[in-house]
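Overview (structure and organization)
Spelled out, the chains give:
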Amino acid sequence: MSFSDSESSSSHARDGGDYKFFRQISRDRLLHEMLGSTKTGDSKAWKILIMDRVTVKVMSQSCKMADITDQGISLVEELFKRREPMPGMDAIYFIQPSKENIVMFLSDMSGREPLYRKAYIFFSSTIPKELVNHIKSDSSVLPRIGALRELNMEYFPIDNQGFLTDHEQALETLYAEDADKSRHFDICLNMMATRIATVFASLKELPFVRYRAAKSNASRDLVPSKLAAAIWDCISKYKAIPNFPQTETCELLIVDRSVDQIAPIIHEWTYDAMCHDLLDMEGNKHVIEVPSKTGGPPEKKEIVLEDHDPVWLELRHTHIAHASERLHEKMTNFVSKNKAAQMRSKEGSEMSTRDLQKIVQALPQYGEQVDKLSTHVELAGKINRIIRDTGLRDLGQLEQDLVFGDAGAKDVINFLRTNQDTSPENKLRLLMIYATVYPEKFEGDKGVKLMQLARLSPVDMKVISNMQLIAGSPESKAKSGSFSLKFDAGKTKQANRKDRSGEEETWQLFRFYPMLEELLEKLVKGDLSKSDYLCMNTKEASEKEESEARTGSVRKTSAPPTAAPERKATPHSMRSRRTATWARPHSSDDGSSSDSVLKTASTDFKKLGQRIFVFIIGGATRSELRVCHKMTSSLRREVVLGSTSFDDPPQYITKLKLLSEKDITAAPAQPFKPQYW
C-alpha cells in the first residue's frame, strides 16, 4: 500500500514532444495516472470504478465511457447507490476525502465478506490525517488496499483551456445582502479554494497568486482577497508533493465580476456565443428538425457542440457572418468535387447554402463528416433567421456604440420609443449596459422613468440596482473599469472602454472585447497596477500594501509585494483582422479537414512560455473564453480560464435578480451538468 500524491510528473511537455493543453493533461491523469496505474500482471482483468456525485462530474468532463472502458473498466457505479457484491473483482474508488465517503468505503471493504477483492483509492483533494487514521484503524481493510493516494483533481474541465469549480450560486452566496453573515459564505469560499488549488497540484505548477485588492472593508469587496488567501494556504501544503516546484512557474490572477459588468450581458457575435444566447440549448446540447432521408416528415435530431466536432472547433470563435460564409464555401466545394452532386445541381445558377445542403444529403454516400457540416448549416441558418426577425443588428450596434462612447441618452430613448416590440430581456440588457456606462442616469427617479419607457417590471429594475452590489466601493469604480470612464476628452459621450488602436473591423459588430483582454496584456507587460492587484506570495508585504490601498496612501514609488520575473515575450494585438490567426481555420473547404485543426493545435504550440490562469468569481462568459484562446496565440503562453460557473446572459440576469432576495435558493440557477452521464 502506498500513500502519496501520484508521483509521475504532469507538467506540460515544454521540452520535446507535443504540447499538451490543460484539458488533455487532466484527461491523461485520470486515464493513465489513476486507472492505468492499477493494472497488474494480469492486464486483461476487468475492474469496477466507483465515484461519488462530484468525482463523476470530474470524470465525465474529461473522458468518455469508451476511454474508461479502454483502461479495463467494465462497470461504473455511484458510491451511495446499492451495489451488487463482486468479491472476485478489484475496485477503483475515485472519491472526495469526506467522512461520509470513508465510512461508506469501510463498510464496502471491511469484515469477512467485502464487496470487492481489492480496492485502489484515489482522493480528489487532500485527505485529513484523522480520516487516514480512521482507515488504518480497521485491520480487516488494510490488506485489501492496493493503493491509497491523493490524486488532487476536483475541478471540472469544460474546454481545452477552461474549468469550473461548480459553484452556480456563488454570486448569491458571496455578494447578496448580508451574505457574509451566512455560514454558506465561508463554506463556499473554502470549497472553491480547495478545488482551484487542485488545478495546480494536478499540473505541478506553483503560481504567483495575484488578486483584485479591496478598497473597503465591505465583505463583498474582500471576496477576491479572501479567496486568494485560502488558495495560497492550500497550495503551500502541496510543496511536499514529489516533483512539485519550489519556485513560481506560472501566474494566477483572481478577479470578480466587478472588473467587467458588460461582458455577461452584451450580445457577443461569435458562432459559439450566438448558439448559447439565441438558441434553446441545454448545456452544450440542442435539438433541431432536419429533413428526413427517406422523404418523410422532418426528424428531430440532438446536436452536441463539443471539441470532438472539428467543424465546431474551427468556427466556434469566429463571427457568425464568417461562420456562415465558411459553411457555404464548404458545401460548395463538396458539391464541386462530387460528380453526383454536380448532376443534381442547377447548371449556371447561384445556389443557396440550403439548396447545396439538400443536394449533399440526397447522396448515397452521405456520411458522418457531411452530416456534421449539414448540422452546422442548420444551426447557423436558424441563428441568422432569429437575428433578422428580431432586428438584433440595430440593437447590437447601439450596445457597442454605448460601450465605446459613440451613443448616449438620446440614442437609447429613441431606440426604446421606436422598438417597443423588442423583447423585455433585450431591453433590460440594453439598460444594464447604459447603467454601467452612465450610472448617473439612474439616480433618483430617472431609472424608474427609463424602465417605464421600456415597459419593464419592478423586478427588472432590481437587476439594475443589484449591479451595484457587485460593482464594489464607489472609490474603486473608476479604476476597475466597472463604471464609466472618459477616455477621450474630445468626446462628449462617456465610454466604458477604448477602441483598440490601429484595428479595423472585418465584420460589423465585432468591435467589443472583454476587459479581461486588457488585464492579460498588462499582466504580461508588468503594467498591472500594483495597488489594485496584490500578490499573495509575499504575505506580509501584500497585507501591508492592501492596508495602504484602503487608506489611499500607496506611494507610486513603493515596491510591489512580489515582482514577477522579467519576461522576454512582448505581447502584440491580434485584432487587426477580426478573424484573426487564432480563429482562422487550419483546414480545407470540404469539411473533412477539420482534423488538421486538432493536429496542428499541439504542433503550433510546442514552445509556449509559462501558463497564465485567470479565475473569475461569479461566472465567466464565452467572450472571455474566446479571449483566452486568442491571447494564447498572441502571447505564446497558454491562458486558462477558471470560474465558479459559465453563464450565458439569461442565466446571469436571473442570478442578479436573486441578489436581493431573502431566500436565494427560491429560484436556483440551472445546475451544472456533466457532458456524458
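Thresholds, definitions, all that
- Residues numbered from 1 in each chain as written.
- Predicted model: local features only at pLDDT ≥ 70, side-chain atom pairs only at ≥ 80, totals over all residues.
- Heavy atoms only, no water.
- UniProt positions renumbered as here; feature names shortened; annotations may be inferred.
- Helix = DSSP H or I, 4+ residues; strand = E, 2+ residues; numbered from the N terminus.
- Buried < 20%, exposed > 50% of the residue type's maximum accessible area, 1.4 Å probe, protein only.
- Contact = heavy atoms within 4.5 Å.
- Areas by Shrake-Rupley, 256 points an atom, 1.4 Å probe, with all protein chains shown as cover.
- Pairing = 2+ DSSP bridges.
- Axes fitted to C-alpha atoms, helices over the stretch in contact; angles between N-to-C directions.
- Phe/Tyr/Trp six-rings, centres within 6.5 Å; stacked < 30°, edge-to-face > 60°.
- Lys, Arg positive; Asp, Glu negative; His and termini not counted.
- Salt bridge = Lys/Arg side-chain N within 4 Å of Asp/Glu carboxyl O.
- Polar contact = N/O pair within 3.5 Å; in protein donor to acceptor, adjacent residues only side chain to side chain.
- Expected span 1.5 Å × (residues − 1).
- pLDDT = per-residue confidence, 0-100.
- Core = buried A, V, L, I, M, F, W, Y, C linked by side-chain atoms within 4.5 Å.
- Left-handed = near helix turned anticlockwise from the far one by under 90°.
- Nonpolar A, V, L, I, M, F, W, Y, C, P; charged D, E, K, R; others polar.
- Parallel < 35°, antiparallel > 145°, perpendicular 65-115°, else oblique.

Under an unreviewed UniProt entry, the name given to the protein is Protein transport Sec1a, and the source organism is Noccaea caerulescens. Under Sequence similarities (unreviewed entry), UniProt gives the following word-for-word description of the protein: "Belongs to the STXBP/unc-18/SEC1 family."

1. Brief notes about the overall build of the protein
Counting secondary structure elements, the protein contains 25 helices and 15 strands. Considering the protein as a whole, with its 677 residues, one finds that 57% of them fall into the buried category. Residue pairs in contact within the protein that sit at least 24 positions apart in sequence constitute 79% of those at least 6 positions apart. Counting only carbon and sulfur atoms, one obtains 50% of the accessible surface of the protein, whose full area is about 29000 Å².

2. Re the sheet that holds strand S9 (residues 207-212)
A sheet is described by the order of its strands in space; here seven strands give the open sequence S7-S8-S15-S14-S10-S9-S13, paired in mixed fashion. Strand pairing shows two members of the sheet lacking a second neighbour, strand S7 (156-159) and strand S13 (533-535), which therefore form its edges. Between one strand axis and the next, the sheet turns through 25° on average, direction left out of account. The sheet contact formed by S7 and strand S8 (residues 162-164) spans three bridges and is antiparallel. Looking across to S8, one finds that Pro157 is bridged to Phe163.

3. Side note on the packing of aromatic side chains
Centre-to-centre distance and the angle between the planes together describe a pair of aromatic rings. This model, assessed by the stated rule, comprises 12 aromatic pairs. Residues Tyr238 and Phe244 carry aromatic rings whose centres are separated by 6.2 Å and whose planes lie at 55° to one another, so their mutual orientation is tilted. Just as Tyr238 is buried, Phe244 falls in that class too. Ring centres of Tyr434 and Tyr438 lie 5.3 Å apart, and the angle between their planes is 50°; this geometry places the pair in the tilted category.

4. Digging into the side chain of Arg144
Structurally, Arg144 is set in the loop between helix H5 (129-136) and strand S6 (145-150). Despite its burial, Arg144 remains without a salt bridge, the nearest opposite charge being carried by Asp138 at 6.7 Å. Here Gly111 takes part through its backbone oxygen, which lies 2.8 Å from a polar atom of the side chain of Arg144. Of the polar contacts made by the side chain of Arg144, one reaches the backbone oxygen of Ser140; its length is 3.4 Å.

5. Section: helix H17 (residues 424-437)
Since the α-helix packs 3.6 residues into each turn, any two residues three or four apart lie on the same face. Its 14 residues give H17 an end-to-end C-alpha distance of 20 Å, which sits within 8% of 20 Å, the value for a rise of 1.5 Å per residue. With 12 of 14 residues buried, H17 lies mostly within the body of the structure. Of the positions making up H17, those classed as buried are Asn426, Lys427, Leu428, Arg429, Leu430, Leu431, Met432, Ile433, Tyr434, Ala435, Thr436 and Val437.

6. Examining the confidence of the model for the protein
Chain-level statistics for the protein give a pLDDT mean of 81 and a share of 75% at 70 or above. Across residues 6-16, confidence stays below pLDDT 50; counting only partners more than four residues off in sequence or on other chains, it has 32 contacts. This stretch, residues 551-588, has a pLDDT under 50; its non-local contacts, to residues over four places away or in other chains, come to 92 contacts.

7. Here we look at the nonpolar core
One recurring pattern in soluble globular proteins: nonpolar side chains tend to sit buried together. Judged by nonpolar contacts, the single largest core of 129 residues is most densely connected at Phe94, Leu174, Leu227, Tyr271 and Leu431. Top contributing element to this core by residue count: helix H7 (residues 183-203), with 11 residues.

8. Examining the environment of Leu148
As for its position among the elements, Leu148 is in strand S6. Separated by 25 residues in the primary sequence, Leu148 and Phe123 have C-alpha atoms spaced 8.0 Å apart.

9. Brief notes about the pattern of salt bridges
Taken as a whole, this structure holds 39 salt bridges when the rule is applied. The salt bridge partner of Arg316 is Asp272, with a shortest N-O separation of 3.5 Å. Of this pair, Arg316 sits in the loop between helix H10 (310-315) and helix H11 (320-336) while Asp272 sits in helix H9 (residues 271-278), and the two are 44 residues apart along the sequence. For Asp272, a relative accessible area of 1% translates into the label buried. Each of Arg23, Asp159, Asp272, Asp307, Arg316, Arg622 and Asp648 takes part in salt bridges that share partners, so that together they form one network.

10. Thoughts on the packing of helix H1 (residues 22-35) against helix H2 (residues 55-62)
Two elements in contact, H1 and H2, have axes whose closest approach is 9 Å; the angle formed by their N-to-C orientations is 115°. In terms of crossing hand, the pair formed by H1 and H2 is left-handed. From H1, Arg23, Ser26, Arg27, Leu30 and Met34 reach across to H2, where they touch Val58, Met59, Gln61 and Ser62. Here the residues of the contact of H1 with H2 sort into four nonpolar, three polar and two charged.

11. Some thoughts on the environment of Ile95
By the secondary structure assignment, Ile95 is in strand S4 (residues 90-95). Each C-alpha atom of the pair Ile95 and Phe123 lies 5.2 Å from the other, and the pair is 28 residues apart in sequence. If we skip the residues at most four places from it in the chain, Ile95 touches Ile50, Asp52, Thr55, Leu79, Asn101, Ile121, Phe122, Phe123 and Ser124.

12. Looking at the packing of helix H16 (residues 409-418) against H17
Contact geometry for H16 and H17: axes closest at 12 Å, N-to-C directions at 170°. One way to sum up the angle between H16 and H17 is to call them roughly antiparallel. Every residue of H17 that contacts H16 at Ala409, Val412, Phe415 and Leu416 is listed here: Lys427, Leu430, Leu431 and Tyr434. Partitioning the contact of H16 with H17 into residue classes produces seven nonpolar, no polar and one charged.

13. Description of unusual backbone geometry
The phi dihedral of Asn152 is positive, around 55°, even though this residue is not glycine. Within the element layout of this structure, Asn152 appears in the loop between S6 and S7. The class of Asn152 is buried, set by a relative accessible area of 0%.

14. Looking at H2
Among the eight residues in H2, seven count as buried, and that is most of the element. Those residues of H2 that are buried are in contact with H1, strand S2 (47-51), helix H3 (65-70), S4 and S7.

15. A word on the side chain of Arg210
With respect to the helices and strands, Arg210 occurs in strand S9. Under the relative-accessibility criterion, Arg210 is labelled buried at 6%.

16. Here's the deal with the environment of Phe615
Here Phe615 shows up in strand S14 (residues 612-617). Taking C-alpha positions, Phe615 is 6.1 Å from Leu641, a pair spaced 26 residues apart along the chain.

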